Amino acid sequence: MTRMLTRSMAALLTGLVVVATAGCTGTVTQDRGEDAWTHRMEVLLSDPHGDGGASATLTSESGTKTASALVELSTVDPGRFDVLSVCRGSGVVRVSVLHRSPENNSGTFKPLTSRNVVCGATTRLPITIPSHDVVLKATGPTGSDWVAEIVTRGWEPQPDSVE
């Protein structure tokens, strides 16, 4: 009787493993851990006619409570754009768009715009980019996640564009 129960349990467990792994076939494109939210926001806010973007978790050294991240996008075309930005993990993250002109070789950037992004909501920052070398900067509490995408002026994300 014990042997029959053991075989029945083994058959049942084998069946459960087959059923459980059947849903796991296919290509995995993104971890379902901490990066899942960032990936979803990047996909949602990515305009096929836009000009790039950046995302990160704000980290700091030596345990400070505030952190900054700078991402330089050197291939942005001049023109009128919007920057769509979202965050999570804190109340507010400050997102700035900076620009370095070709005649400014000192490494400093001129601010184009900046705005507080309330986490949980999408914020639009209208910008006019005079030439290449744009930097997206985020400042906020350590551990905050943020995403900023440069999109064509007035572009709206489609809510059903994320799987």
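Residues numbered from 1 in each chain as written. Predicted model: local features only at pLDDT ≥ 70, side-chain atom pairs only at ≥ 80, totals over all residues. Heavy atoms only, no water.

A few points about the environment of A67
Right, on to step 1. Relative to the assigned elements, A67 resides in strand 2 (residues 66-73).
Right, on to step 2. Setting aside residues no more than four positions away along its own chain, A67 makes contact with L58, T59, S60, A138, T139, G140 and T142. (Helix = DSSP H or I, 4+ residues; strand = E, 2+ residues; numbered from the N terminus. Contact = heavy atoms within 4.5 Å.)

Quick word on the state of the cysteines
Right, on to step 1. Scanning the entire structure with this criterion turns up one disulfide.
Right, on to step 2. Across a sulfur-sulfur distance of 2.1 Å, C87 and C119 are joined as a disulfide pair. Residues C87 and C119 are joined by a disulfide whose S-S torsion is about -115°; by sign, that bridge is left-handed. With a gap of 32 residues between them, C87 in strand 3 (residues 79-88) and C119 in the loop between strand 5 (110-118) and strand 6 (123-129) connect regions that are remote in the sequence. Across this residue pair, the class does not change: C87 and C119 are buried. (Disulfide = S-S within 2.5 Å. Buried < 20%, exposed > 50% of the residue type's maximum accessible area, 1.4 Å probe, protein only.)

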